[in-house]
Amino acid sequence: PVLSVALLPQVSMAARRKKAARVTRATAVFEAALSHYKAGRYAAAAPLFHHAFLAEAAPVFLYNAARAEHRGDQLARAVATYQRLLALPKLPEPIATKAQKHLALAQSTVAARRQERLRVRAEKAATQQREEVRLARVQAETSRRKLLGWSGVGTGVALLGGATWALASWASGQSALDEKVGARVEGRVAQISFEAYDAEQDRLDRIGILGAASAGL
């Protein structure tokens, strides 16, 4: 149905009242945000600027929100807010120029920080790789020394075994030599004893002969 012409001024008045209420609400929120912003409380100021923009879509509210995020080092949010601001229709030129400049600075800072993170990550990875190589070398050197130690023990055991065998061989040879010398000594003693016995018998025989001769005399 078509509205009565008599109602048009009333509708217009109601719309103006609603707009005035929105502007009043947005202005109050904006003043609170501006107070935080001037005190350096950018994290508290940014969402209030966004609320003010929702209450009344004034580009200045969104611009201030982007600046608060930028100064509060919330660069990703600041970049998104700058881009949202620049996408608004009929954006005033002064605000657009400032927004483009600050957007470029924020994007440059984000890129530089990303490069720094990549550099730090690469340096950390290189340091870790060097440490792994160092540990691998230490382990290899430790294993080599252990192998050399076991080889030295084996060589020592072999040398000791060789010395023991040589000593046993010498002792065996010495024992055989002692047996031979003992046998020769015993044979010589036996020979000497036999010769002494014969000499004693000869002496006794001569005494007997002489005794017999004397008795015959």
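Residues numbered from 1 in each chain as written. Predicted model: local features only at pLDDT ≥ 70, side-chain atom pairs only at ≥ 80, totals over all residues. Heavy atoms only, no water.

> Describe the overall build of the protein chain, and please don't skip the residues or the numbers.
When its secondary structure is counted, the protein chain shows 5 helices and 0 strands. Counting all 217 residues of the protein chain, 17% fall into the buried class. The long-range share in the protein chain, meaning contacts at least 24 apart out of those at least 6 apart in sequence, stands at 44%. Here the protein chain has roughly 16100 Å² of accessible surface; of this, 64% comes from carbon and sulfur atoms. (Helix = DSSP H or I, 4+ residues; strand = E, 2+ residues; numbered from the N terminus. Buried < 20%, exposed > 50% of the residue type's maximum accessible area, 1.4 Å probe, protein only. Contact = heavy atoms within 4.5 Å. Areas by Shrake-Rupley, 256 points an atom, 1.4 Å probe, with all protein chains shown as cover.)

> An account of the packing of helix H2 (residues 42–55) against helix H3 (residues 59–71) is needed here, citing residue identities and associated values.
At a minimum axis distance of 8 Å, the contact between H2 and H3 shows a crossing angle of 160 degrees. In terms of orientation, H2 lies roughly antiparallel with respect to H3. In this structure, H2 meets H3 at a crossing whose hand is left-handed. Listed contacts from H3 to Tyr42, Ala45, Ala46, Phe49, His50, Ala52 and Phe53 of H2 are Pro59, Phe61, Leu62, Asn64, Ala65, Ala68, Glu69 and Arg71. Split into classes, the residues belonging to the contact of H2 with H3 amount to 11 nonpolar, 2 polar and 2 charged. (Axes fitted to C-alpha atoms, helices over the stretch in contact; angles between N-to-C directions. Parallel < 35°, antiparallel > 145°, perpendicular 65-115°, else oblique. Left-handed = near helix turned anticlockwise from the far one by under 90°. Nonpolar A, V, L, I, M, F, W, Y, C, P; charged D, E, K, R; others polar.)

> Run through unusual backbone geometry, naming residues and quoting values.
Not every positive phi belongs to a glycine, and Asp73 is a case in point at roughly 65 degrees. With respect to the secondary-structure elements, Asp73 resides in the loop between H3 and helix H4 (75–86). Its identity is not glycine, yet Lys90 carries a phi of approximately 55 degrees, on the positive side. What makes Lys90 exposed here is its relative accessible area of 84%.

> Can you explain the pattern of salt bridges? Please cite residues and give values.
Pairs may arise between side chains of opposite charge once their charged atoms sit close together. By the definition in use, this model includes 7 salt bridges. With its nearest N and O atoms 2.6 Å apart, the salt bridge here joins Arg134 to Glu131. Here Arg134 pairs with Glu131, and both are found in helix H5 (residues 93–216), just 3 residues apart, close to one helical turn. What makes Glu131 partly exposed here is its relative accessible area of 34%. In this structure, the salt-bridge partner of Arg144 is Glu141, at a minimum N-O distance of 2.6 Å. One end of the pair, Arg144, and the other, Glu141, are both in helix H5, 3 residues apart, so they sit about a helical turn from each other. A single salt-bridge network, built from bridges that share partners, covers Glu116, Arg119 and Glu123. (Salt bridge = Lys/Arg side-chain N within 4 Å of Asp/Glu carboxyl O.)

> So, H2: which residues are in play, and what are the values?
Each α-helix turn comprises 3.6 residues. Residues three or four places apart therefore point the same way. Here H2 is 14 residues long and its end C-alpha atoms lie 20 Å apart, about the 20 Å a rise of 1.5 Å per residue gives. All of the buried residues in H2 are Tyr42, Ala45, Ala46, Phe49, His50, Ala52, Phe53 and Ala55. (Expected span 1.5 Å × (residues − 1).)

> So what's going on with the confidence of the model for the protein chain? Which residues, and what values?
In this model, the protein chain carries a mean pLDDT of 78, and residues with pLDDT of at least 70 account for 63%. Of all the helices and strands in the protein chain, H5 carries the lowest mean pLDDT, 73, while H4 carries the highest, 97. Segment residues 1–8 is flagged for pLDDT under 50; beyond a separation of four residues in sequence, or across chains, it makes 0 contacts in the model. Considering only residues more than four positions removed or in separate chains, one finds that residues 209–217, a stretch of pLDDT under 50, has 0 contacts. (pLDDT = per-residue confidence, 0-100.)

> Would you mind going over H4 in detail, with residue names and values included?
When the terminal C-alpha atoms of H4 are compared, their 16 Å separation across 12 residues agrees well with the 16 Å that a helix rising 1.5 Å per residue should span. For H4, the set of buried residues is Leu75, Ala78, Val79, Thr81, Tyr82 and Leu85. For H4, the angular spread of buried residues about the axis comes to 165 degrees, placing them on one side. Turned more than 90 degrees away from the buried face of H4 sit Ala76 and Arg77, all of them exposed. (Arc of directions from axis to C-beta.)

> Mind laying out the nonpolar core, listing which residues take part and the relevant values?
Counting residues in each nonpolar core, the largest one holds 28 residues, and the members touching the most others are Tyr37, Phe49, Phe61, Ala68, Tyr82 and Leu85. Contributing elements (two or more residues each) for this core: helix H1 (8–38), H2, H3, H4 and H5. With 7 residues, H2 is the single largest residue contributor to this core. Sequence-distant contacts of Tyr82, defined by excluding residues within four places in its chain, comprise Ala66, Arg67, His70, Ala99, His102, Leu103 and Ala106. (Core = buried A, V, L, I, M, F, W, Y, C linked by side-chain atoms within 4.5 Å.)

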